[in-house]
Amino acid sequence: MNAERTRRPYVRPRRLRRSPALRELVADVHVRVDDLVAPLFVREGIDEPQPIESLPGVVQHTLDSLRAEVGALIDLGVRAVILFGVPAEKDPVGSGAYDPDGIVQEALRDLRAEFGDTMVLMADLCVDEYTDHGHCGIVDDHGVVDNDATLEIYARAAVAQAEAGAHVVAPSGMMDGQVAVIREALDGAGYPDIAILAYSAKYASALYGPFRDAVDVSIADGGDRKGYQQDYRNIAEAIREIDLDLDEGADMVMVKPALAYLDVIADVAAHVDVPVAAYHVSGEYAMIHAAGERGWIDADAVALEHLTAIKRAGATIILTYFTRWFAERAATEMR
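Let me begin by describing the structure that accompanies this report. Everything quoted here is computed from the prediction, not taken from an experiment. (Residues numbered from 1 in each chain as written. Predicted model: local features only at pLDDT ≥ 70, side-chain atom pairs only at ≥ 80, totals over all residues. Heavy atoms only, no water.)

### Considerations on a negative patch on the surface
Next up, step 1: On the surface, a cluster of negative charge is made up of Asp140, Asp141, Asp146, Asp148, Glu152 and Asp176.
Next up, step 2: Along the chain, the position of Asp141 falls in the loop between strand S5 (120-125) and helix H5 (147-164).
Next up, step 3: By relative accessible area, Asp141 is classed as exposed at 81%. (Patch = residues over 30% accessible without salt bridge, like charges linked within 9 Å, V, L, I, M, F, W, Y side chains within 5 Å. Areas by Shrake-Rupley, 256 points an atom, 1.4 Å probe, with all protein chains shown as cover. Salt bridge = Lys/Arg side-chain N within 4 Å of Asp/Glu carboxyl O. Lys, Arg positive; Asp, Glu negative; His and termini not counted. Charge placed at Lys NZ, Arg CZ, Asp CG, Glu CD. Helix = DSSP H or I, 4+ residues; strand = E, 2+ residues; numbered from the N terminus. Buried < 20%, exposed > 50% of the residue type's maximum accessible area, 1.4 Å probe, protein only.)

### Side note on the environment of Tyr98
Next up, step 1: Along the polypeptide, Tyr98 turns up in the loop between strand S4 (80-86) and helix H4 (103-115).
Next up, step 2: Sequence-wise, Tyr98 and Leu125 are 27 residues apart; in three dimensions their C-alpha atoms are separated by 9.4 Å.
Next up, step 3: With near-sequence residues (within four places) excluded, Tyr98 lies in contact with Val93, Gln105, Ile153, Arg156, Ala157 and Ala160. (Contact = heavy atoms within 4.5 Å.)

### Focus: H5
Next up, step 1: The end-to-end C-alpha distance of H5 is 26 Å, a good match for the 26 Å that 18 residues give at a rise of 1.5 Å each.
Next up, step 2: Buried residues dominate H5, accounting for 13 of its 18 residues.
Next up, step 3: The N-cap residue of H5 is Asp146: its side-chain oxygen and the backbone nitrogen of Asp148 are 3.3 Å apart. (Expected span 1.5 Å × (residues − 1). Polar contact = N/O pair within 3.5 Å; in protein donor to acceptor, adjacent residues only side chain to side chain.)

### Description of helix H3 (residues 63-75)
Next up, step 1: Here H3 spans 19 Å end to end across 13 residues, near enough to the 18 Å set by a 1.5 Å rise per residue.
Next up, step 2: Of all the residues in H3, the buried ones are Ser65, Leu66, Glu69, Val70, Gly71, Leu73 and Ile74.

### Comments concerning the pairing of strand S1 (residues 36-43)
Next up, step 1: Extensive coverage of S1 is indicated by the burial of seven of its eight residues.
Next up, step 2: Here S1 pairs with strand S10 (residues 317-320) via two bridges, running parallel. What sits directly across from Val37, in S10, is Leu319.
Next up, step 3: Across six bridges, S1 lies against S4 in parallel orientation. Paired with Pro39 across the strands is Ile82, a residue of S4.
Next up, step 4: Note: S1 against strand S3 (residues 59-61), two bridges, orientation parallel. Opposite Val42, over in S3, you have His61 as the bridge partner. (Pairing = 2+ DSSP bridges.)

### Comments concerning the nonpolar core
Next up, step 1: Phe41, Leu83, Val268 and Tyr279 are the most contacted members of the largest nonpolar core, which totals 105 residues.
Next up, step 2: Looking at this core element by element, the count peaks at seven residues for H5.
Next up, step 3: Those residues within four positions of Val268 in sequence are excluded, and the remaining contacts are Ile239, Ile242, Val253, Val255 and Val276. (Core = buried A, V, L, I, M, F, W, Y, C linked by side-chain atoms within 4.5 Å.)

As structure tokens, this is what we get:
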């Protein structure tokens, strides 16, 4: 009998891989449309959407085209977007981030009036899109970002976004103490129900280039953000940042980028009992498109594989530029 077993396998895992229906039935992980958040860009002072060359299929929206895009996403079953603004003018303190008439605040008012609570409106809370030096905060006379002075700007921006209609504010600047200051400002202004999605483990990655094209950001004097974003070699630091943000009142936490940091996502997901978001960033998206355009990979298959890997690692929310593509694909499969 033992010899017989040696010659002929009785255990055949391939039995459950024989057909697409079987594979679907026993799959451990399924990515759903409502797992995804669509990052959207809105630009002040343009009359029609502007394509972003390094992010194929992504545009800088006008207020009108943004409203149309969000309506289309709702029809496809998408339930969350995150907004990034591109102002007509920039200044040293990024005042457009907290100006009640700033471009993102205008967009939030429009979308909240049009769609109410049908779509979760998230607002990226940072100032790099609005500063003339490209840093995520106020820069001192030595060219260093002043953490504590920047917190005052973040507090004002959070209140402005809440007043304009944001359901969720998402501080991404990696300033120490940012969540506590934002939570205090929101509560003090009468917005205790506005949630905070903290970019808690945001790494100083080389994968953000296309995003900076999208928001017209360059860092002055060839600088970088390594002094405040995380070192990509560290993981224990990520857990510490997560714990600090949760202690300060974060409702959800984020790891950014996603695919290059699946180990961090998995560790964070095992460590916390709140939703874990992961940002499939612009460089990760652009690389798929670039290789697909050259015929080196099947871009659609790789995109789905990436999103599945991110969810398999433990993310419950995925911010991705593939959101509309995925939702359209899902809608086609349901027909």
